[in-house]
Amino acid sequence: MGAFYLNTIAGFLQDSTKSILGTLTHQAGIAGFHQQLHTQTLSWDEEIEVLKHSFKELLNYNSSAGNFGILLEYPIARRDKRIDAVIIANELIIVLEFKVGSNDYFNSDKEQLLDYCLDLRDFHFESREKIIVPILLATNAPFKKNEQSEHSDQVKDILYANSENLTEILDSIFRDNSNEIVYFQKWNNSDYSPTPTIIEAAQTLYAGKSVIEISRSHAGTKNLTKTSDAVVNAIKHAKANNEKIICFITGVPGAGKTLAGLNIAHDKEFQDHETSLATFLSGNGPLIKVLREALSRDAFKKLKVGDTNAKKKETDRIISFIENVHRFLDHYFIEKERIPNNKIVIFDEAQRAWNQEHSMRKFQRPHSEAEMMLEIMGRHSDWSVIVALVGGGQEINTGEAGLSEWGRIIEEKFNDWKVYVSPQLATGNHSTGDLTLFNKYPTNVTVIENKDLHLEVSLRSYKAEELSKWVSLVLSNNPKEAKGIFEEKFSKYQIVITRNLDKAKEWLRTKCKGSRRMGLVASSGARRLRPYGLEVKLDFEEAEWFLNARNDIRSSYYLEIPATEFGVQGLELDWVGMCWDADLRRKYNEWDYNSFTGSTWKKVKQPDKQQFLINKYRVLLTRGREGMVIFVPPGDIADVTRKPDDYNQIAEYLISCGVKEI
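Fair warning: this is a prediction, and the values are worked out from it, not measured in the lab. (Residues numbered from 1 in each chain as written. Predicted model: local features only at pLDDT ≥ 70, side-chain atom pairs only at ≥ 80, totals over all residues. Heavy atoms only, no water.)

## Observations regarding the overall build of the protein chain
What counts, and what does not: Working definition: helices are DSSP H or I runs of at least four residues, strands are E runs of at least two. Numbering for both runs from the N terminus. Taken over C-alpha atoms, the radius of gyration is set against a globule rule of 2.2 Å times the number of residues to the power 0.38. Relative accessible area decides the class of each residue, using a 1.4 Å probe on protein chains only: under 20% of the type maximum gives buried, over 50% gives exposed, and in between gives partly exposed. Should any heavy atoms of two residues lie within 4.5 Å, those residues are counted as being in contact. Using the Shrake-Rupley algorithm and a 1.4 Å probe, accessible areas are obtained, with residue cover drawn only from the displayed protein chains.
Of regular secondary structure, the protein chain possesses 23 helices and 24 strands. The C-alpha radius of gyration computed for the protein chain amounts to 27 Å, which stays within 12% of the reference 26 Å derived for 662 residues, consistent with globular compactness. Projected onto its principal axes, the C-alpha positions of the protein chain cover 80 × 65 × 45 Å. Burial statistics for the protein chain: of 662 residues in total, 58% are counted as buried. Once local pairs closer than 6 in sequence are excluded, the contacts in the protein chain between residues at least 24 apart make up 76%. On the protein chain, roughly 28,800 Å² of surface is accessible, and the fraction owed to carbon and sulfur atoms is 48%.

Here is the structure:
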């Protein structure tokens, strides 16, 4: 559904206020707002009167303005809100947010307005390459001088209006622009293809809606839908035939593996009244913490203050929405005969499941987590399903067994399970890390290939679907090919480099508008960023860093505390400040691997630890949805741990991969 009301400005002036109000109220009823608040009707009444007064005056200055389009209550599905008014005027899109009765321009209102404009710019087909002008109209606010910054882009800086000066502002906008016609009916019916963050997706699923309702992003969502359907169909087949199956979903970083898993876990197909056949498991502590806190904040807003029973019930429901895999395994390991409550488990980041040695050291469990999961789910006498979500090249810590452990244990001990894989996993794909499950297909295991089990398009970096490929080329010493992709594919996704941290921060502040999120990230081994005030060993609260507002010093917006690969894996930012230290440096045109111990850098010689270091940087370089600035320190000739040449070689290599310096 498009706008509740649309017309030319001339037609709007001919329609009576009563008629327009009737249309808005009727359309609100059709949209499901059956109990239309009286205050909303009064607000519409005043908005209409302000617009009518302004448009009548405007036509005295600009008679062609009568052909422009006016749309009221236009939907922004990703945010589950509607824009008060949109004026389609030549190549301009003017977005009006009314604050009836307000005598000031509040930051929350500015953020809301910019969010609308940014979503139109990024996800609305007919708004591509058009100039978008936000106007915040507080009816009782005093006059405020409007200025445009030199950094203004397709979305211009907010203009401030009140009931008296809207005409003057609109006239100045129209006089400064050309007369290319944009048809407002076509704009109203445009494809709108938002790409939700993992937090937005979780909130949507928790509310009982489908992610598809807020995510229609080109090939990415088609791929996501096919993957979900492929797994759901495999589960139905297992249930009908009393089979035990394991489905491996693979994908490039940011392709939506976690999103696919959440979608499957909360598919209505597997809900039975208030219980569920499926549960979503993750060993990613920060991801669990951030998602649970986001859901709690969202849910508790709707509860009455002091309603402790409702709050406890909501908290229990949130905890069950995404469970900790280590607690799940520990619970059933202790009670060895207990049959799991769920028939289906979705295991996020299954490649990071612990090996036997680490499992023993951490929890005194003499089995790898892959073996334990198969044994526990195998206790069902009829059917059961494991959906393993696998990110290639994202093992980042000692003790993570990798994909090969799953293959080994299936072949040796659980060969009665059917295995569903993508061709990429079946053959082994090293472009984003080792995706080898079996070195060759075992003769005692049934393996079924399905191409829809691989997610090849990044949803996270919706402005550069090839970001993960570029990162892989950079990390595998292919600068020429990386530069080719950068120059061909990165017209909208921005990656720049600087040797000055203040410049990096200023670039981020300039780019990050509305509620879009920015933050600094760095490797957990980046110990010599300390002279720049960046300490990677500080404890920080991930939920506050990812969720708190701009004015909160604990939030990522303050650009004071960098998150490491452990804090950001599985999560995302819109704009990233990636701080590169000498733990991964260049030597003889190859990567040189280092770890800071005591007061010196030590060479990392073990191949597995070298791979962990590469994977850390892969995670950090693929967190940004819109763009990234890479800060490479200048070094200090007086400090042997920060040799300028070490950092210069890193910067020169990245520039050879296509990155431009600011």
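Structure's up, so let's keep going.
## Some words on the nonpolar core
Heads up, the rule is: As used in this record, nonpolar core signifies buried Ala, Val, Leu, Ile, Met, Phe, Trp, Tyr and Cys residues forming a set joined through side-chain atoms within 4.5 Å.
Ranked by size, the top nonpolar core spans 93 residues in total, and within it Trp470, Ile495, Met578, Trp580 and Ile630 carry the most contacts. Every residue in contact with tryptophan 470, bar those within four places of it in the chain, is listed here: Ala482, Ile485, Phe486, Phe490, Ile495, Cys657 and Val659.

## Notes on the pairing of strand S22 (residues 600-603)
Going by this rule: DSSP calls a pair of strands paired once it identifies at least 2 bridges connecting them.
Here 4 bridges tie strand S21 (residues 590-597) to S22, and the two strands are oriented antiparallel to one another. Each bridged residue has a counterpart across the sheet, and for serine 595 the counterpart in S22 is lysine 602. Linking S21 to S22, which pair antiparallel, is a turn of 2 residues; within it glycine 598 sits at a positive phi near 65 degrees.

## Some remarks on the packing of aromatic side chains
Put simply, the test is: When the centres of two rings from Phe, Tyr and Trp lie within 6.5 Å, Trp using its six-membered ring, the rings pair. Their planes under 30 degrees apart give stacked, over 60 give edge-to-face, and anything left gives tilted. Counted as over-ring charges are cases with an Arg CZ or a Lys NZ within 6 Å of the ring centre that also lie within 35 degrees of the ring normal.
Applying the stated criterion to the full structure yields 21 aromatic pairs. One aromatic cluster is present, formed by Trp470, Phe486, Phe490 and Tyr493 through successive ring pairs. Positioned over the ring face of phenylalanine 12 is lysine 52, at 5.1 Å from the centre of the ring. The aromatic ring of tyrosine 160 is capped on one face by lysine 144, whose charged end is 4.0 Å from the ring centroid.

## Side note on the sheet that holds strand S6 (residues 159-161)
Applied cut-off: Here, axes are lines fitted to C-alpha atoms. For helices the fit covers the stretch in contact, and angles between N-to-C directions go from 0 to 180 degrees.
In spatial order, the strands read S1-S2-S3-S4-S5-S6; together these 6 strands make up an open sheet with mixed pairing. Pairing within the sheet leaves two strands with one partner each, and these edge strands are strand S1 (5-8) and S6. Pairs of neighbouring strands in the sheet enclose a mean axial angle of 30 degrees, with direction left out of account.

## Quick notes on unusual backbone geometry
Unlike most non-glycine residues, glutamate 73 shows phi in positive territory, near 60 degrees. Tracing the sequence through the fold places glutamate 73 in strand S2 (residues 69-76). Judged by relative accessible area, glutamate 73 falls into the buried class, the value being 7%. In this structure, asparagine 477 takes a positive phi of about 65 degrees despite not being glycine. The residue asparagine 477 is located in the loop between helix H17 (467-475) and helix H18 (479-489) in this model. Owing to a relative accessible area of 23%, asparagine 477 belongs among the partly exposed residues under this scheme.

## Comments concerning the pairing of strand S18 (residues 518-522)
In summary, the side chains of a regular strand alternate between the two faces of the sheet. Summarising burial for S18: 5 of the 5 residues are buried, a large majority. Where S18 and strand S19 (residues 573-579) come together, 5 bridges link them in parallel fashion. Within S19, the position partnered with alanine 522 by the bridge is cysteine 579.

## Thoughts on the packing of H17 against helix H22 (residues 607-621)
What counts, and what does not: Roughly parallel means an angle under 35 degrees; roughly antiparallel, over 145; roughly perpendicular, 65 to 115; everything else is oblique. Whether a crossing is left-handed or right-handed is set by the direction in which the near helix is turned from the far one by less than a right angle, anticlockwise for left-handed and clockwise for right-handed.
Running from N to C, H17 and H22 cross one another at 150 degrees; their axes reach a closest spacing of 10 Å. Taken together, the axis directions place H17 and H22 in an arrangement best described as roughly antiparallel. The interaxial crossing formed by H17 with H22 has right-handed handedness. Facing Leu467, Val471, Ser472 and Leu475 of H17, the residues of H22 in contact are Ile614, Tyr617, Arg618 and Leu621.

## Notes on the sheet that holds S22
Spatial ordering of the open sheet is given by S20-S21-S22, a layout of 3 strands whose pairing is antiparallel. This sheet does not close on itself; its edge strands, each paired only once, are strand S20 (584-587) and S22. Each neighbouring strand pair of the sheet contributes to a mean axis angle of 50 degrees, computed without reference to strand direction. Together, S20 and S21 form the strand contacts of H22, whose direction differs from that of S21 by roughly 95 degrees.

## Quick look at the pattern of salt bridges
Side-chain pairs of opposite charge can arise where the charged atoms are in close proximity. Rules: Only one rule defines a salt bridge in this text: a Lys or Arg side-chain nitrogen within 4 Å of an Asp or Glu carboxyl oxygen.
Considering all chains together, one arrives at 33 salt bridges under this definition. One salt bridge in this structure joins arginine 554 and glutamate 544, with 3.1 Å as the shortest N-O distance. Within this pair, whereas arginine 554 is found in the loop between helix H20 (542-547) and helix H21 (565-568), its partner glutamate 544 is found in helix H20, the two being separated by 10 residues in sequence. When its relative accessible area of 41% is taken as the criterion, arginine 554 is described as partly exposed. The salt bridge partner of arginine 642 is aspartate 639, with a shortest N-O separation of 3.0 Å. By the burial criterion, arginine 642 is buried, and aspartate 639 matches it.

## Re the side chain of histidine 380
Take histidine 380: it is sitting in the loop between helix H14 (369-377) and strand S13 (384-391). Not counting residues up to four positions away in its chain, the partners in contact with histidine 380 are Lys244, Ile339, Pro340, Asn342 and Lys343.

## Some remarks on H17
Burial analysis of H17 places 8 of its 9 residues in the buried class, which makes it a mostly covered element. Inspection of H17 places Leu467, Ser468, Trp470, Val471, Ser472, Leu473, Val474 and Leu475 among the buried residues, and these make up the whole buried set. The first or second residue beyond H17 is asparagine 477, which carries a positive phi of 65 degrees.

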